Amino acid sequence: LLSRQLERQGSQVTIAKLDRVLDTLAAMPCDLILLEIGRTGSGLQVLAQLKQGEWRHIPVLILAAPDRMDLVLRGIEIGAADYLTKPFQSVLLQTKIAACLELQRRQGRDESFDRLFENAPVGVYQATVTGCYRRVNPALVELLGYPDAATLMAMVTDIADRIYVDRNRYADFKTMLAEHDR
């Protein structure tokens, strides 16, 4: 019933038993995995394998009985993108699938964002009081679309005007920057 519903919504569906999921994925690419975790939680082992292997980037939507929220929580901890409890309405299924697919679509685009924040301890950028970049994180260069750090630092010379501060306190802010720039 579920596969017919998904096919009517325009999805290509492949069904695999739990012990064949990894073999099935190796044979064909997919954008989303619907994984029934079962009453005993047997699907959680498969989920753990998926999230540790080459398929970790594929969103997994887990299906569970409503009285097994403990298994759902463990599934989310392991890395499932979302869950549905059975029985569910087709509109809810459609919405959750669309959200998971959107998550996957954004994942590639947001990798540069992720690298930017992973590198945040070394700083996103350093600037002078006058608004010129002194140093920039390579992830920021990529995120802003410049070919290299030198080009970004040469072309953008007015970041002081772009900092979001209260215009009434701008002089205080500039004084504080000047004191810390020494």
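What this report covers is the structure whose coordinates are included nearby. Remember, predicted model here, so these are calculated numbers, not experimental data. (Residues numbered from 1 in each chain as written. Predicted model: local features only at pLDDT ≥ 70, side-chain atom pairs only at ≥ 80, totals over all residues. Heavy atoms only, no water.)

**A closer look at the pattern of salt bridges**
For the structure on display, the rule yields four salt bridges. Linking Asp 67 and Arg 39 is a salt bridge whose minimum nitrogen-to-oxygen distance equals 2.7 Å. Here Asp 67 is found in the loop between β2 (60–64) and α4 (69–78), whereas its partner Arg 39 is found in the loop between β1 (33–36) and α3 (42–52), with 28 residues between them in sequence. The class for Arg 39 is partly exposed, based on a relative accessible area of 48%. (Salt bridge = Lys/Arg side-chain N within 4 Å of Asp/Glu carboxyl O. Helix = DSSP H or I, 4+ residues; strand = E, 2+ residues; numbered from the N terminus. Buried < 20%, exposed > 50% of the residue type's maximum accessible area, 1.4 Å probe, protein only.)

**Some points on the sheet that holds strand β3 (residues 82–85)**
With respect to topology, three strands assemble into an open sheet ordered β1-β2-β3, the strand pairing being parallel. Strand pairing shows two members of the sheet lacking a second neighbour, β1 and β3, which therefore form its edges. When the angles between neighbouring strand axes are averaged without regard to direction, this sheet yields 25 degrees. In this sheet, β3 lies alongside β2 in parallel orientation, the contact comprising four bridges. Each bridged residue has a counterpart across the sheet, and for Leu 61 the counterpart in β3 is Asp 82. α3 rests against β1 and β2 of the sheet, and its axis sits at about 150 degrees to β1. Its contacts with the sheet place α4 against β2 and β3, and it is angled at close to 165 degrees to β3. (Pairing = 2+ DSSP bridges. Axes fitted to C-alpha atoms, helices over the stretch in contact; angles between N-to-C directions. Contact = heavy atoms within 4.5 Å.)

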